[in-house]
Amino acid sequence: MEGTESRSGTASSVVADWSLAFWTLCAVVLPVLITLWCSFQRSRRQVLIRDIFRKSKHDWHYTDLFGQPSYCCVCAQHILQGAFCNCCGLRVSEGCLKKADQLFLCKEIMMRSNGEAHSSMPHHWIRGNVPLCSCCMICKQQCGTQPKLCDYRCVWCQYTIHDECMMDYLKTEECTFGEFRDLIIPPYYLSTINQMRKDKRTNYEKVVPYCRKHWMPVIILANTRSGNNMGETLLGEFKILLNPVQVFDLSKIAPAKALQLCTLLPCNAVRVLVCGGDGTVGWVLDAIDEMKIKGQERYIPQVAVLPLGTGNDLSNTLGWGAGYAGEVPVEQILRNVMEADGIKLDRWKVQVTNKGYYNLRKPKVFTMNNYFSIGPDALMALNFHAHREKTPSLFSSRIINKAVYFFYGTKDCLVQECKDLNKKVELELDGERIELPNLEGIIVLNIGYWGGGCRLWEGMGDEPYPLARHDDGLLEVVGVHGSFHCAQIQVKLANPVRLGQAHTVRLILKSSKMPMQVDGEPWAQGPCTVTITHKTRALMLYHSGEQTDDDASSVSEQDHVREQTDEDV
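Report follows, based on the coordinates. Along each chain, residues carry numbers from 1 onward, in the same order as the chain's sequence is written. Local features are withheld for residues below a pLDDT of 70 in this predicted model, meaning they are given only at 70 or higher, and side-chain atom pairs are given and counted only at 80 or more; totals for whole chains, interfaces and linings count all residues. Working from all heavy atoms in the structure, the side-chain values ignore hydrogens and water.

Attention now moves to a nonpolar patch on the surface. Residues enter a patch when their relative accessible area is above 30% and they make no salt bridge; the linking distance is 9 Å between like charges and 5 Å between nonpolar side chains (Val, Leu, Ile, Met, Phe, Trp, Tyr). The accessible surface values rely on the Shrake-Rupley method and a 1.4 Å probe; as for residues, cover is taken only from the protein chains in view. Should a side-chain nitrogen of Lys or Arg be within 4 Å of a carboxyl oxygen of Asp or Glu, the pair is scored as a salt bridge. A surface patch of nonpolar side chains, about 730 Å² in accessible area, is lined by Leu-25, Val-28, Val-29, Leu-30, Val-32, Leu-33, Ile-34 and Leu-36. As for its placement among the helices and strands, Val-29 is situated in helix H1 (residues 2-55). Counting from the N terminus, the helices are DSSP H or I runs at least four residues long and the strands are E runs at least two residues long.

Moving on, we come to the packing of aromatic side chains. A pair of Phe, Tyr and Trp rings is counted when the ring centres sit within 6.5 Å of each other, with Trp represented by its six-membered ring. The angle between the planes then sorts it: under 30 degrees is stacked, over 60 is edge-to-face, the rest tilted. Here the structure, examined in full by the defined rule, presents five aromatic pairs. Pairing Phe-22 with Trp-23 gives two aromatic rings, centres 5.2 Å apart and planes at 75 degrees, and the pair type is edge-to-face. For each residue, the accessible area found with a 1.4 Å probe, counting protein chains only, is set against the maximum for its type, and the residue is called buried under 20%, exposed over 50%, and partly exposed in between. Residue Phe-22 is classed as partly exposed on the basis of its relative accessible area, which comes to 46%. The interplanar angle of 75 degrees and the centroid separation of 5.7 Å between the aromatic rings of Trp-156 and Phe-177 together place this pair among those described as edge-to-face. Linking Trp-156 in the loop between strand S7 (152-154) and strand S8 (160-161) with Phe-177 in the loop between helix H3 (168-172) and helix H4 (187-198), this pair joins segments that are 21 residues apart in sequence. In terms of burial, Trp-156 and Phe-177 fall into one category: buried. Above the plane of the ring of Trp-156 lies Lys-107, whose end atom (NZ or CZ) is 4.7 Å from the centre. Note on geometry: a ring has a charge over it if NZ (lysine) or CZ (arginine) is within 6 Å of the ring centre and within 35 degrees of the ring normal. Above the plane of the ring of Tyr-449 lies Arg-455, whose end atom (NZ or CZ) is 5.0 Å from the centre.

Quantified by volume, the second largest pocket comes out at close to 1200 Å³. The rule is simple: put a 1 Å grid over the protein atoms alone, call a set of points where a 1.4 Å probe fits but cannot get out a cavity, call an open set with protein on both sides within 12 Å along at least five of seven lines a pocket, and count a residue as lining if it has an atom within 4 Å of a point. What lines the second largest pocket is a set of 44 residues, among which Arg-91, Pro-131, Glu-237, Ile-240 and Glu-331 lie closest to the centre. Sorting the residues of the lining of the second largest pocket by element identifies strand S4 (82-85), helix H5 (231-241) and helix H9 (330-339) as the ones contributing at least two each. Considering each element in turn, the lining of the second largest pocket owes the most residues, seven residues, to H5. Think of it as three bins: nonpolar holds Ala, Val, Leu, Ile, Met, Phe, Trp, Tyr, Cys and Pro, charged holds Asp, Glu, Lys and Arg, and polar takes everything else, Gly as well. Residues belonging to the lining of the second largest pocket are distributed by class as follows: 25 nonpolar, 13 polar and six charged. Grid points are joined across faces, edges and corners, and a volume is the space filled by probe spheres set on the points.

The values are spatial; any link to function lies outside them.
Dropping the structure here:
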């Protein structure tokens, strides 16, 4: 009897153990299987979505959370996530993507032509998801106030209208292209030009709006890799307001190719907005110089800057600000481009010839827009550049970039790698030898700003030195005693060592290797001769609205520059 009870107790404990093991295994394996299944389904769904995006005529982008209350344009349901078109602004749920492709046309960059020349086009209405605080063009009351898919927006003129105000005649009324009609390249213009090129005709002067007096089409060139990585967002916002054919991503197409659009547009009327840092601006200006070499000088555009880089000294000099972080609406940026005044910017040739009897390499040649330097600031740029090359993902913020610069500047204050520079170099200004005091760095300036917003030549402004100008064919040459001196200059606690102004600068590095930079592009250089001479002038746009305290003293100078430019024209 006792044996039977002991065997049954053993059997029940074994069953309990197995049961515990089974449920433990289920508790471990089941979540893993569910996770794997969800991951498989997600990857499969992403492949399907990418396939739809690739085949679609819409410029679809997927988001996990819309920035404002949104409704699917197909099923009219409220959605938190889904796809949106960067060109026409359509918003749809994931399940309605295929249907949306069939039901809705995107912005047409070129009008479908039947052989006839067009000079107008009807509105292109999209229902729902109108911009916040938009008003009806008929009754002037606010649109989009109801919690459902309602009201209409034209993808070209951006006018909005209530459902009840939408009358039959409005559906066929001609679109005026709204506030930015003078900046937009109409689809019917491109189709007419395309037909004329097929017929080998080049008399574009009579084509609308080529013949319109105030038409100044704008081309957007955005570098999505610059500074704070806002380029991607800006591309979409500009495509909504303009013709998508006017908006280029410089990570996918070179500026030289994008600027060929200028040859289809009126001479001396095109404006280019470069969204990026000073390096991106230099890249675009180099492409414009190539247009001059090709004999396309009459198509040269004027260049405005939206600063997305770290230093942005050139954009600061031209009145576009020290940095853009989304604080100004894109509409206001386009207004600023329309209102900006034309000025000229000197560009300089920097030739670096290595020393040595057996040196057969060609001299290095750079184009300088901002400044050239040798010494501590070039060393900081070199260290920053090397660090960014190793871990580029860490340098996606302007604040982080400046913090790294601060770290290397502090390090150089202690190490002083560039000391006794005056014993290692010789400096000539317009052929005249300059006796150098005890220095660690020499900076050759073309523009008023340096080091992320410091007016270096003027310093504290307590001495009667003329303002630095960027169109007078003169370079300003200054010296610094080290990284700590640079920091003092930036906070207006010290003045630079002013060495003079010149049309030609020659610098001879006699011995050792020193850091050098041209417009933020650094390298380590051995014994050499650096010669800086005038190369050409670029047509730029100056915005007078971005005035800072330092700019107040130079307002009269900029007015004089604009007056001189008008006289030259």
